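So the chains spell out like this:
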Number of protein chains: 2
Amino acid sequence: MKRMKAVIAYDGSGFAGYQIQPEARTIQRELMKVLKNIHKGRDVQVVASGRTDAKVHATGQVIHFDTDFNIPVEGWLKALNVLLPEDIRVSSIEEAAPEFHARYHTIGKTYRYKWDRSTIISPFTRNYMVHLKQRPDVDAMRKAAKAILGTHDFSSFCAANTGVVDKVRTIRRLDFEEHGEELHMVIEGSGFLYNMVRIIAGTLFEVGIGKRNPEEVAEIIRSADRAAAGKTAAAHGLYLENVEYES
Amino acid sequence: MKRMKAVIAYDGSGFAGYQIQPEARTIQRELMKVLKNIHKGRDVQVVASGRTDAKVHATGQVIHFDTDFNIPVEGWLKALNVLLPEDIRVSSIEEAAPEFHARYHTIGKTYRYKWDRSTIISPFTRNYMVHLKQRPDVDAMRKAAKAILGTHDFSSFCAANTGVVDKVRTIRRLDFEEHGEELHMVIEGSGFLYNMVRIIAGTLFEVGIGKRNPEEVAEIIRSADRAAAGKTAAAHGLYLENVEYES
């Protein structure tokens, strides 16, 4: 038995999210369907670094699965990309250590959130960026972002009732990049709570449009109250960009 | 009565083409539905510079319509973009001369055809570029393109049985641009026959992969025979980029 580790990319637009669920098109379901097909009808479990919600994209999601097939990695890459639907692509695949676990062994993740500040959004990016009707003050957003950096209890930035007890996470990087009319928030941390990136994006955007002061963010964290933070930003602006493992 | 001229962009992925047809989602149908809505149930004819096929995109299609509504152009822009589906956007709108005609008065058009040479195509561009499994020789394609430039009878590059009698057109520009792994063909001319850009793209690609010599293209033109030219390149790589009118 070999444990395979693969980096995958997907356009979340056509999916009800990563995780398998009855009667819904999900990324996990498509992956398992193809692996079952390759393994002549045998079920193959697929484990991802974590779920992504409906409409959320990935450029660097990581999965693992076990196989007793002796195919070279180039053959795996070709077979999977031929059989998978075009909105899921396998970027790379390798044999991992037998104990490698795509979910339990993550030591960090990077997400990117994309906004479009064009007056009129392009019809080509409508599923891939969130259109802003107001031009935010990016400097104010950068200032507010400083309070997010470091190790905090992120209860205020977690969708209520997730069942997760320990809400302490470490954010190592939180940058804003401007590419023409595109505004990206890039956030890297030890791990993320449910909806955490989207609530951070939504809250910092509210700072950007003057609805909140940059200084408020530290208080929001201290309050440990979801109601204190801003709205959850829309799903289709979010990309899982990288998953880090100990090397 | 005022004649309005608008520049529109659309993602062709979700449409059965520009022109209205029964029980199909088309760009013209969506435009007419919205204009009928704005004009309180009255039908408003929309005239475009020309049709585009199913899956073909536009970044600079031009339309005209007549209205007796006295709305400032800013109001038109907002109203249309609020009411239209997100895969059609109005980029600009202005009052035109009463005799302006979006179709009859064109003096030139520019199309762009996009290929992706990445080993693995991104799931985000699958509807917007044509993935090449072979790396074409762009210099050979540039060399072959020279024969297309100028005024010729383009019968060889026209889908059979279109009913168009005069197949003489003038190509003023035919360039290849490389943007990382993207390869674009940009073509500008006095006008284009049905499928002409896609047959030129398909033929020049066949030169790029060594299936034809660059010198063959002049012979293909001379033959005035559709069977002499290459395959019609896929629709989803094509963009109508600009329509020119006398100023």
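Residues numbered from 1 in each chain as written. Chains lettered and ligands numbered in written order. Predicted model: local features only at pLDDT ≥ 70, side-chain atom pairs only at ≥ 80, totals over all residues. Heavy atoms only, no water.

Filter applied, for reference: UniProt positions are given in the numbering used here, feature names are shortened, and annotations may be inferred rather than shown by experiment.
As recorded in an unreviewed UniProt entry, chain A goes by tRNA pseudouridine synthase A and comes from Planococcus halotolerans. As its UniProt record puts it under Catalytic activity (unreviewed entry), chain A is described as follows: "uridine(38/39/40) in tRNA = pseudouridine(38/39/40) in tRNA". The Sequence similarities (unreviewed entry) field of the UniProt record for chain A holds the comment "Belongs to the tRNA pseudouridine synthase TruA family."

## Some thoughts on the overall build of chain A
Operational definition: The secondary structure listing takes helices from DSSP runs of H or I that are at least 4 residues long and strands from runs of E that are at least 2 residues long, numbered from the N terminus. We compute the radius of gyration from the C-alpha atoms alone; for a globule the expected value is 2.2 Å times N to the 0.38, where N is the number of residues. In this scheme, a residue with accessible area under 20% of its type's maximum is buried, one over 50% is exposed, and one in between is partly exposed, where area comes from a 1.4 Å probe on protein chains only. We call two residues in contact when some of their heavy atoms are within 4.5 Å.
On a plain count of helices and strands, chain A comes out with five helices and 10 strands. Radius of gyration (C-alpha) of chain A: 19 Å, near the 18 Å computed for a compact globule of 247 residues. Principal-axis analysis of the C-alpha atoms gives chain A an extent of 60 × 40 × 35 Å. Buried residues in chain A amount to 53% of all 247 residues. Intrachain contacts of chain A at a sequence separation of at least 6 include 69% that bridge at least 24 residues.

## Regarding the domain arrangement of chain A
Residue and element names in this part refer to chain A. Threshold: Just so you know, the domain bounds were taken from an automatic or database domain assignment. Here the quantity called buried area is the total loss of accessible area, with a 1.4 Å probe, experienced by two parts when brought into contact, counted for both. The rule for a salt bridge is simple: a side-chain nitrogen of Lys or Arg has to be within 4 Å of a carboxyl oxygen of Asp or Glu. A 3.5 Å cut-off defines polar contacts: any pair of N or O atoms within that distance qualifies, except that in protein one atom must be a possible hydrogen donor and the other a possible acceptor, and neighbouring residues in sequence count only when both atoms are side-chain atoms.
By domain assignment, chain A separates into domain 1 (2–96) and domain 2 (108–245). For domain 1 and domain 2, the distance between their C-alpha centres works out to 27 Å. Taken together, the 16 residues of domain 1 in the interface contact 15 residues of domain 2. Buried area between domain 1 and domain 2, both sides added, is near 1200 Å², and the carbon and sulfur share of it is 53%. Among the ionic pairs, arginine 198 bridges to aspartate 53, the shortest N-O distance being 3.4 Å. Scanning the region where domain 1 abuts domain 2 turns up 10 residue pairs in polar contact (both at pLDDT 80 or more). In terms of residues, the side of domain 1 that touches domain 2 owes the most to one element, strand β3 (residues 57–67), which gives six residues.

## Concerning the environment of Lys78(B)
Looking at the element boundaries, Lys78(B) is found in helix α2 (residues 73–83). Taking the C-alpha atoms as reference, Lys78(B) lies 48 Å from Ile220(B); in sequence the two are 142 residues apart.

## Here's the deal with the packing of aromatic side chains
Residues and elements named next belong to chain A. Heads up, the condition is: Any pair of Phe, Tyr and Trp rings, taking the six-membered ring for Trp, is counted once the centres come within 6.5 Å. Such a pair is stacked with planes under 30 degrees apart, edge-to-face with planes over 60 apart, and tilted for the rest.
Applying the stated criterion across every chain, the model contains 18 aromatic pairs over all chains. Ring centres of phenylalanine 65 and tryptophan 76 lie 5.3 Å apart, and the angle between their planes is 65°; this geometry places the pair in the edge-to-face category. Of the two residues, phenylalanine 65 sits in strand β3 while tryptophan 76 sits in helix α2 (residues 73–83), which places them 11 residues apart along the sequence. The class of phenylalanine 65 is buried, set by a relative accessible area of 1%.

## Considerations on the interface of chain A and chain B
Selection criterion: In this count, Pro and Cys sit with the nonpolar residues alongside Ala, Val, Leu, Ile, Met, Phe, Trp and Tyr, while Asp, Glu, Lys and Arg are called charged and the others, Gly among them, polar.
At the interface, 22 residues of chain A touch 22 residues of chain B. Carbon and sulfur atoms make up 72% of the area that chain A and chain B hide from each other, which totals about 1600 Å². Interface area lost by chain A to chain B is led by Ile120(A), Phe124(A) and Arg126(A), which between them contribute 41%. At the surface where chain A touches chain B, the tally comes to four salt bridges. Our count for the contact surface shared by chain A and chain B stands at two residue pairs in polar contact (both at pLDDT 80 or more). When residues of the side of chain A that touches chain B are traced back to their parent elements, those giving at least two are β1 (2–10), β3, α2 and β4 (88–96) of chain A. Take the side of chain A that touches chain B: its biggest share by element is four residues, from β4(A). Classifying every residue of the side of chain A that touches chain B gives 12 nonpolar, five polar and five charged.

## What to know about the UniProt feature "binding site: substrate" (unreviewed entry) in chain A
All names here are of chain A. Under the UniProt annotation, the feature "binding site: substrate" (unreviewed entry) is placed at Tyr111. Along the chain, the position of tyrosine 111 falls in strand β5 (residues 106–116). Here tyrosine 111 falls in the buried class, since its relative accessible area comes to 8%.

## Concerning the relation of the copies chain A and chain B
To keep things clear, this is the line we draw: The least-squares superposition of copies is restricted to C-alpha atoms, and to residues with a pLDDT of at least 70 in both copies.
With an RMSD of 0.0 Å, chain A superimposes on chain B once it is rotated by 180° and translated 0.0 Å along the axis. On the angle and the small slide along the axis, the relation comes out as a two-fold axis. Both copies present the same face, since 100% of the interface residues in chain A are matched by interface residues at the equivalent positions in chain B.

## Quick look at the side chain of Ser156(B)
All names here are of chain B. Here serine 156 shows up in the loop between β7 (150–153) and β8 (168–179). Within the structure, the side chain of serine 156 is placed 3.2 Å from the backbone nitrogen of alanine 224, a separation counted as a polar contact. What serine 156 contacts, discounting residues up to four positions off in sequence, is Ile199, Ile220, Ile221, Ser223, Ala224, Asp225, Arg226 and Ala229.

## Comments concerning the pattern of salt bridges
Residues and elements named next belong to chain A. In this structure the tally under the stated criterion is 49 salt bridges over all chains. With a closest N to O distance of 2.5 Å, arginine 112 and glutamate 241 form a salt bridge. Taken together, the residues arginine 112 in strand β5 and glutamate 241 in strand β10 (residues 238–245) connect sequence positions 129 residues apart. Here arginine 112 falls in the buried class, since its relative accessible area comes to 13%.

## Some thoughts on unusual backbone geometry
Positive phi, normally seen in glycine, also occurs at Glu23(A), with a value near 55°. Residue classification places Glu23(A) among the exposed positions, given a relative accessible area of 81%.

## What to know about helix α4 (residues 196–208) of chain A
Residue and element names in this part refer to chain A. Applied cut-off: Helix span is expected to be 1.5 Å times the residue number reduced by one.
Between its first and last C-alpha atoms α4 spans 18 Å; for 13 residues at 1.5 Å apiece the expected length is 18 Å, and the two agree. With 13 of its 13 residues buried, α4 lies for the most part within the structure. Once α4 ends, the next one or two residues include glycine 210, with phi positive near 80°.

## Let's talk about the environment of Pro214(B)
Residues and elements named next belong to chain B. By secondary structure assignment, the location of proline 214 is in the loop between α4 (196–208) and α5 (216–223). In sequence terms proline 214 and lysine 143 are 71 residues apart; their C-alpha atoms lie 6.1 Å from each other. Setting aside residues no more than four positions away along its own chain, proline 214 makes contact with Ala140, Lys143, Ala144 and Val207.

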